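Commentary on secondary and tertiary structure
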Amino acid sequence: MISKKMAKALNEQMNKEFYSAYLYLSMAAYCSKKDFSGAANWFLLQYQEELQHATRFYNYLIEQDATVSLKEIAKPQKKFGSLLETYQQSLEHEQMMTSMLNNLSNDALKEKDHATYNLLQWFVNEQVEEEANVSDIISKIKLVKNDGYGLLMIDNELGQRTATSADSAA
Ligand code: FEO
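This text gives an overview of the structure that appears in the document. (Residues numbered from 1 in each chain as written. Predicted model: local features only at pLDDT ≥ 70, side-chain atom pairs only at ≥ 80, totals over all residues. Heavy atoms only, no water.)

**Quick look at the pattern of salt bridges**
Should their charged atoms come close, side chains of opposite charge can pair. Applying the stated rule across the entire model yields five salt bridges. Notably, a salt bridge pairs Glu49 with Arg161, separated by 3.6 Å at the nearest N-O pair. Of this pair, Glu49 sits in helix 2 (residues 37–63) while Arg161 sits in the loop between helix 5 (148–158) and helix 6 (166–169), placing them 112 residues apart in sequence. Here Glu49 and Arg161 have matching classes, each one buried. Close ionic contact of Glu157 with Lys140 constitutes a salt bridge, the shortest N to O distance being 2.8 Å. Here Glu157 is found in helix 5, whereas its partner Lys140 is found in helix 4 (residues 114–144), with 17 residues between them in sequence. We classify Lys140 as partly exposed; its relative accessible area is 30%. (Salt bridge = Lys/Arg side-chain N within 4 Å of Asp/Glu carboxyl O. Helix = DSSP H or I, 4+ residues; strand = E, 2+ residues; numbered from the N terminus. Buried < 20%, exposed > 50% of the residue type's maximum accessible area, 1.4 Å probe, protein only.)

**Considerations on helix 1 (residues 4–33)**
Think of an α-helix as turning once every 3.6 residues; residues three or four places apart then point the same way. Spanning 30 residues, helix 1 covers 44 Å between terminal C-alpha atoms, matching the ideal 44 Å at 1.5 Å per step. Asp35 lies just past helix 1 and shows a positive phi near 65 degrees. (Expected span 1.5 Å × (residues − 1).)

**Here we look at the environment of Lys75**
Looking at the element boundaries, Lys75 is found in the loop between helix 2 and helix 3 (83–110). Judged by relative accessible area, Lys75 falls into the exposed class, the value being 73%. Measuring from C-alpha to C-alpha, the distance between Lys75 and Met100 comes to 19 Å, with 25 residues separating the pair along the chain.

**What to know about the environment of Leu83**
With respect to the element layout, Leu83 can be found in helix 3. In this structure Leu83 comes out as buried when scored by relative accessible area, which is 5%. Separated by 28 residues in sequence, Leu83 and Glu111 place their C-alpha atoms 42 Å apart. Setting aside anything within four residues of it in sequence, one finds Leu83 in contact with Cys31, Phe36, Ala39, Ile141 and Leu151. (Contact = heavy atoms within 4.5 Å.)

**Points about the nonpolar core**
Residues Trp42, Phe43, Leu83, Tyr87, Ile141 and Leu158 are the most contacted members of the largest nonpolar core, which totals 22 residues. Of all the secondary structure elements, the ones that give two or more residues to this core are helix 1, helix 2, helix 3, helix 4 and helix 5. Top contributing element to this core by residue count: helix 1, with seven residues. Those residues in contact with Leu158 that lie beyond four places of it in its chain are Gly38, Ala39, Asn41, Trp42, Tyr87 and Ile137. Core analysis: the next-biggest nonpolar cluster, separate from the first, contains 17 residues, Met14, Tyr60, Leu101 and Phe123 among them. (Core = buried A, V, L, I, M, F, W, Y, C linked by side-chain atoms within 4.5 Å.)

**Quick word on helix 4**
Taking 1.5 Å as the rise per residue, helix 4 with 31 residues should run 45 Å; its terminal C-alpha atoms sit 46 Å apart, in good agreement. A positive phi of about 50 degrees marks Lys145, the residue just after helix 4.

Here's what the structure looks like:
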């Protein structure tokens, strides 16, 4: 059994994961509109991955016999600027998620709640990979600047991301 305070915090984090999914779905739609079909594919897979993250919190709350409290999901923006700006906003979002997960980990340690701490360490590790992958994409986009052919090549590469590689590539 986890504390009421921790259950509340995990419910909030679950909501943020659902928001992440929503944000990436919006980024996918934006990239589709801009004819970056590869990036749209990449963000759609990211959307699915975030749903899995939210479900991981959901399952944990159920396992711990805590109350699941579903809240409204904030509305994401519709426009993100260039492909570079879209990925930069993705990175900023992930950095914010990392900070939240670190704070939650601190709270779990303060409460000596090691089960929750273990759950959160999975997420903390996942964040390292997520930030690294997005940073890598940003570096590539910066490298080609506004060169149309270069952007096309990057978009093509982003289009090769598959659901099975999503766990390691997102
Ligand atoms: Fe579930 Fe990308 O944070």
